[in-house]
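# Structure at a glance
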Amino acid sequence: MTESPGKASPESQGLGSLGVKLGLSRLALWWEGAWRALWPPLGVLGAFLVLAFTGLLPTLPPALHLLILIGFAATLGYLCYRAAQGLRAPAADAAARRLERDSGLAHRPLAVLADRPAGDDAMAQALWQAHRDRAVAQLDHLRVARPKPGLAARDPRALRAAVLVALVASLGMAGREAPERLISALLPPFAEPLAPAASVAARFEAWITPPAYTGAPPQFLKAEGGAVAVPAGSRLHMVFSGSANPPELRLGGAAHAFARMDAQSHALELPLTEGGALVLKRDGRDVAQWALTLTPDTPPVVAWDPSPARAGRGLGLRLPWKAEDDWGLVALRVELRLKQRPTAPPVTQDMPLPGGAPRQAQGAAQHDFSAHPWAGLEVEARLFARDGAEQEGKSEGAFLVLPERRFSHPVAQQLIALRRALSIDPNAREPARRELDRITNAPEAFEHDTGMFLTLRAARHRLGRDRRDEAVGEVQQILWDVAVALEEGRTDRTARALTQAREALREALEEARRDNPERSPEQRAELQRRIQELREAIRRHLEALAERMQRENNEALSYDPQQRVFDRRELERRTRRLEDAARDGRQEDADREMAELEEMLQALEEGRTSRAEDRQRQQRQRGQQQMGALQDMVRRETEMLDRAHRRSGEQDINRTDSRRPPPPRPQTPEAREEAARDARTQRALRRALGELMQQFGELTGDVPAPLAEADRAMRDAAEALAEGRDPRAAQQQAIRALTEGGRQMSQRMQRQFGQPQPGEGQGEGEGEGEEMAGGQQGSEGQENQLGEGRDPLGRDRRESGGSAQDNAGDTLVPGDAERLRSHQLQQELRRRGAERERPPVELEYIDRLLRRF
């Protein structure tokens, strides 16, 4: 059967593809041999590039640098020579053998195609042709495998991968400086550094740092130049690299030199005192140019808002103010100058500012100047505000009369008037001495108190002998102390004088009975004088009690006949009966009247002590109510914080990451409405906190500093809620400050008013002081508080009979200790629940416990 001349035979097609596959096999053999030969020099070259790109070689001494270069060059040359010896073209037989191995063919079928039979025997020719046909049939199964250099056997530790990774990392470190670093690695810096190739571009970085008090970030200068405006007092920093020749900076016509950092780097730091054209030059050419403008720092602006005046309650002076500064306020004070003596040193009082150096702020401070020598005199008040640049701004002067304390004791009034006169004219010492002489010449005006007499005489002699300017102020302080002692301590002195009059009358009666029942006219006159002294002592003591009660804003003395303690007429009647009995010589009646009179006077003293205890108890109750209000603020602030967490969608996120600000998320209309309600609630809580601070200040005379921090945190939280920002950080700060403020309030009330008595404070705010303290008292304090017969948990032991049983016999009525312990546990749970960084599981457990209360 003959083939058509237009169609190629299968044998010819197989032989055509065989040539292609033999070429590919030969190329694979060449690639394997070349890779094995070239790998060592390529590895050395890669190691050198790693050292060059890391910039390590230029930092070495030049001699060592050159020695390393010679070592790398010699090693590279030797390995390249060996590689050239190994680079030879593979033979055709080797390519055929590789192709047979890759195809899995046995008996070398490709060699059969090239061989010829030796004889001309027809049978031999037929057999050879059959063998050749079988070989041709196997050509369809030929395949060329991928090259396999076999480097794993030559490099079992995979150093080639380490070199490749190091090369990529060092190239990333070098970045755009890779060409410069390569040139620096190839050229050791002998003598003068060699300039880089002209193709390598120099680069610079420049930035201006504003003064620290501004809080402004550094401003980077653009490479293409432009206009730059920075605050006065800023500093320019510039780093220039890629040039052996140092650049030059010109500002306003003055040249400034760079300091050399290394062979290719230079740096400059310059304080900016003037603006103008800022030009960077290199080799006489302009590299970049900027138009620099310095913004001056203006002094703060402060003013009264409105004018200062006396506070609505108490003797405080209310100082409302507002201030602003372009970069922030750091200090605020008020100075008072005496109008009648402008040359006198001013009285200075620092005033608190909101935290964080605010640019705009306003507030109202309240200070008590009633004890100052200028109290009752007209002064000029002026505000001074200071910024971070130590610049001060001042307000307009405001004239007012400093509030003064009112004294009812005549001698105290005279001493305060004398003290005020010395403030107006400190040189008027001689008139002051004469006034002190006049006061001390009438000791009956201050109940013949020897201590006060000696104190006033000492003040009088100090005015005459101590010529220091400070002596006048020291005498004024003495006069103030004596006036306060006369005003506040009059009750004690009149009580002591009353006791002495009673003792003197009792001794006179005993002496008359012992000597002669029939009294002589002299003895009767002595008894009448003693009785008159007692009557006068009673009158003075009652007047002192009435003045003190009026000073303490209590009700006036009652004349109810059932209250014999304060029945002035009954005391006068008893005194008259005693006087009649003594005059008529009725000794037994006189003794009986004297005993009844002493009983009434003793009841008078006990009633005074009882009223003092009642007043102290009322003050404790007021303090406990304020503590209860503060606790309610903590609770409501915690509820708003929980709602803020729910709105942010982070209830299930670990609270350890809550300090990181969450990404902004769109809010639903319901969430925005809830945030608006919380903003109104936050403002109301802040107003309530301000009223609470004022009431507590009036009660104790001082306000804990953490409450002011809570006020600022509440303001920040309200602003964040109103602006749609995250209020949680400010709310957490408010909760912590309220808790700390409650603890300090509790401590101050305990120091001033003592511990509450058993059964006291059962209403609102009971135990809030200890609650807000967060369990800070020690075990000994808890023992004293819970009393005896309690177990470590504060519960009554059954044998001690601590808790009362009702009439039914089975219902246990909680005692004071149980209630106190329950309040302490609630407060501790609320305090921990306010710490939102705790794990979610713990917070959920605390919420479940609080819901049970």
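These numbers come from a predicted model, not from an experiment.

Helices and strands together make up the secondary structure of the protein chain, namely 23 helices and 21 strands. In the protein chain, buried positions account for 39% of the 853 residues. Considering only contacts within the protein chain whose residues lie at least 6 apart along the sequence, 69% involve residues at least 24 apart. Per element, the accessible surface of the protein chain, about 47900 Å² overall, is 52% carbon and sulfur.

Bringing the nonpolar core into the picture now. With 27 residues, the main nonpolar core has W321, V334, L336, M351 and W374 as its most contacted residues. Among the elements of the structure, β11 (301-304), β13 (316-324), β14 (329-338), β16 (360-368), β17 (378-387) and β19 (398-401) are those that each provide at least two residues to this core. Broken down by element, the residue count for this core peaks at 5 residues, all from β14. The contact partners of V334, leaving out residues within four places of it in the chain, are W304, L319, V347, T348, Q349, M351, A381, R382 and L383. By size, the runner-up hydrophobic cluster in this structure holds 23 residues, among which are I416, L436, L463 and V475.

Turning to the pattern of salt bridges, a few remarks are in order. In total, this model carries 33 salt bridges according to the counting rule given. As a salt-bridge pair, E269 and R235 come within 3.0 Å of each other at their nearest N and O atoms. Here the residue E269 occupies a position in strand β8 (residues 265-271), and R235 occupies one in strand β4 (residues 235-241), the gap between them amounting to 34 residues. Among the residues examined, R235 registers a relative accessible area of 34% and is labelled partly exposed.

If you check helix α12 (residues 470-488), its first and last C-alpha atoms are 27 Å apart, about what 19 residues at 1.5 Å a residue would give, namely 27 Å. When α12 is considered as a whole, its buried residues turn out to be A471, V472, V475, Q476, L479, W480, V482, A483, V484, L486 and E487.

D305 connects to P306 through a cis peptide bond whose omega is -10 degrees. Mapped onto the elements, P306 comes out in the loop between β11 and β12 (309-310). Despite not being glycine, E390 shows a phi value in the positive range, around 65 degrees. Considering the arrangement of structural elements, one finds E390 in the loop between β17 and β18 (392-394). The exposure class assigned to E390 is exposed, which follows from its relative accessible area of 56%.

When two helices pack together, their arrangement is given by the angle between their axes and by how far apart the axes lie. Here helix α17 (residues 669-700) crosses helix α18 (residues 705-723) at 160 degrees, and the two axes come no closer than 9 Å. By the angle between their axes, α17 is roughly antiparallel relative to α18. In the crossing of α17 with α18, the sense of the turn from one axis to the other is left-handed. In this structure, α17 uses A675, D678, A679, Q682, R683, L685, R686, L689 and M693 to contact α18, whose residues at the interface are L707, A708, A710, D711, M714, R715, A717, A718, L721 and A722.

Let us look at the sheet that holds strand β6 (residues 254-257). The strand order across the open sheet built from 5 strands is β3-β10-β9-β5-β6, with neighbouring strands paired in mixed fashion. Two strands lie at the open edges of the sheet, namely β3 (226-231) and β6, each paired on one side alone. The sheet shows a mean angle of 25 degrees between the axes of neighbouring strands, taken without regard to direction. The pairing of strand β5 (residues 248-251) with strand β9 (residues 276-282) spans 4 bridges and is classified as antiparallel. Looking at the pairing, R250 lines up with V279 of β9.

Moving on: the environment of L486. Within the secondary structure, L486 sits in helix α12. Through-space distance from the C-alpha of L486 to that of E447 is 9.6 Å; in sequence the pair is 39 residues apart. Excluding residues that lie within four positions of it along the chain, L486 makes contacts with H409, V411, A412, L415, F446, M452 and R493.

What follows covers helix α11 (residues 450-465). Between the first and last C-alpha of α11 there are 23 Å, a value that for 16 residues agrees with the 22 Å anticipated at 1.5 Å per step. Buried within α11 we find M452, L456, A459, R460 and L463. Seen along its axis, α11 keeps its buried residues to an arc of 100 degrees; they face one direction. Residues T450, L454 and R465 are exposed on α11 and point more than 90 degrees away from its buried face.

Attention shifts here to the sheet that holds strand β7 (residues 259-260). One open sheet accounts for 5 strands, arranged β2-β1-β4-β8-β7; its pairing is antiparallel. Two strands in the sheet have a free side with no partner beyond their single neighbour: β2 (219-220) and β7. When strand β1 (residues 203-209) meets β4, the two strands line up antiparallel, connected through 7 bridges. Within β4, the residue paired with W207 across the bridge is H237.

What follows is about the pairing of β1. Across a regular strand the side chains alternate sides, sitting on one face of the sheet and then on the other. Residues F204, A206 and I208 of β1 are buried on one face, while the alternating residues R203, E205, W207 and T209, pointing to the opposite face, are not. Relative to β2, β1 runs antiparallel, the two being bridged by 2 bridges. Counterpart to I208 in the pairing with β2 is Q219.

To continue, consider the packing of helix α10 (residues 429-440) against α11. The interhelical angle for the contact between α10 and α11, taken along N-to-C directions, is 160 degrees, at an axis separation of 9 Å. Here α10 is positioned roughly antiparallel relative to α11, judged by the angle of their axes. Remark: the crossing between α10 and α11 carries left-handed chirality. Residue-level inspection shows R429, A432, R433, L436, D437, I439 and T440 of α10 in contact with α11, the latter providing F453, L456, R457, A459, R460, R462, L463 and G464.

The next point concerns the confidence of the model for the protein chain. Taken residue by residue, the protein chain gives an average pLDDT of 76. The fraction at 70 or more is 70%. For the stretch residues 1-8, pLDDT sits under 50, and the model shows 3 contacts to residues farther than four places along the chain or on other chains. In the predicted structure, residues 758-812 sits below a pLDDT of 50 and forms 84 contacts with residues beyond four places in sequence or in another chain.

What follows covers a positive patch on the surface. A cluster of like positive charges, contributed by R677, R680, R683 and R687, occupies part of the molecular surface. Looking at where R683 falls in the secondary structure, it is placed in helix α17.

It is worth spelling out the packing of aromatic side chains at this point. Per the stated rule, a full pass over the model turns up 5 aromatic pairs. Between F204 and F240, the ring centres sit 6.4 Å apart and the planes meet at 5 degrees, which makes this aromatic pair stacked. With F204 in strand β1 and F240 in strand β4, this residue pair connects regions lying 36 residues apart in the sequence. Accessibility assignment for this pair places F204 and F240 in one class, buried. On the basis of an interplanar angle of 80 degrees and a centroid distance of 6.1 Å, the ring pair of F204 and W290 is categorised as edge-to-face. Of this pair, F204 sits in strand β1 while W290 sits in strand β10 (residues 285-295); the two residues are 86 residues apart in sequence, bridging distant segments of the chain. The class for W290 is buried, based on a relative accessible area of 3%.

A surface patch of nonpolar side chains, amounting to about 220 Å² of accessible area, comprises L38, L42 and L45. Among the secondary structure elements, L38 is positioned in helix α1 (residues 10-53).

Within the secondary structure, R457 is located in helix α11. For R457, a relative accessible area of 21% translates into the label partly exposed. Counting along the chain gives 17 residues from R457 to T440, while the straight-line C-alpha distance between them is 7.4 Å. Setting aside residues no more than four positions away along its own chain, R457 makes contact with D437 and T440.

Another point: the side chain of S234. Considering the arrangement of structural elements, one finds S234 in the loop between β3 and β4. Note on S234: relative accessible area 1%, which makes it buried. Of note is the side chain of S234, whose polar atom sits 2.6 Å from the backbone oxygen of P231. In contact with S234, not counting residues within four places along its chain, are I208, T209, P210, P211, L270, P271 and L272.

Basis of the calculations
- Residues numbered from 1 in each chain as written.
- Predicted model: local features only at pLDDT ≥ 70, side-chain atom pairs only at ≥ 80, totals over all residues.
- Heavy atoms only, no water.
- Helix = DSSP H or I, 4+ residues; strand = E, 2+ residues; numbered from the N terminus.
- Buried < 20%, exposed > 50% of the residue type's maximum accessible area, 1.4 Å probe, protein only.
- Contact = heavy atoms within 4.5 Å.
- Areas by Shrake-Rupley, 256 points an atom, 1.4 Å probe, with all protein chains shown as cover.
- Core = buried A, V, L, I, M, F, W, Y, C linked by side-chain atoms within 4.5 Å.
- Salt bridge = Lys/Arg side-chain N within 4 Å of Asp/Glu carboxyl O.
- Expected span 1.5 Å × (residues − 1).
- Axes fitted to C-alpha atoms, helices over the stretch in contact; angles between N-to-C directions.
- Parallel < 35°, antiparallel > 145°, perpendicular 65-115°, else oblique.
- Left-handed = near helix turned anticlockwise from the far one by under 90°.
- Pairing = 2+ DSSP bridges.
- Arc of directions from axis to C-beta.
- pLDDT = per-residue confidence, 0-100.
- Patch = residues over 30% accessible without salt bridge, like charges linked within 9 Å, V, L, I, M, F, W, Y side chains within 5 Å.
- Lys, Arg positive; Asp, Glu negative; His and termini not counted.
- Charge placed at Lys NZ, Arg CZ, Asp CG, Glu CD.
- Phe/Tyr/Trp six-rings, centres within 6.5 Å; stacked < 30°, edge-to-face > 60°.
- Polar contact = N/O pair within 3.5 Å; in protein donor to acceptor, adjacent residues only side chain to side chain.

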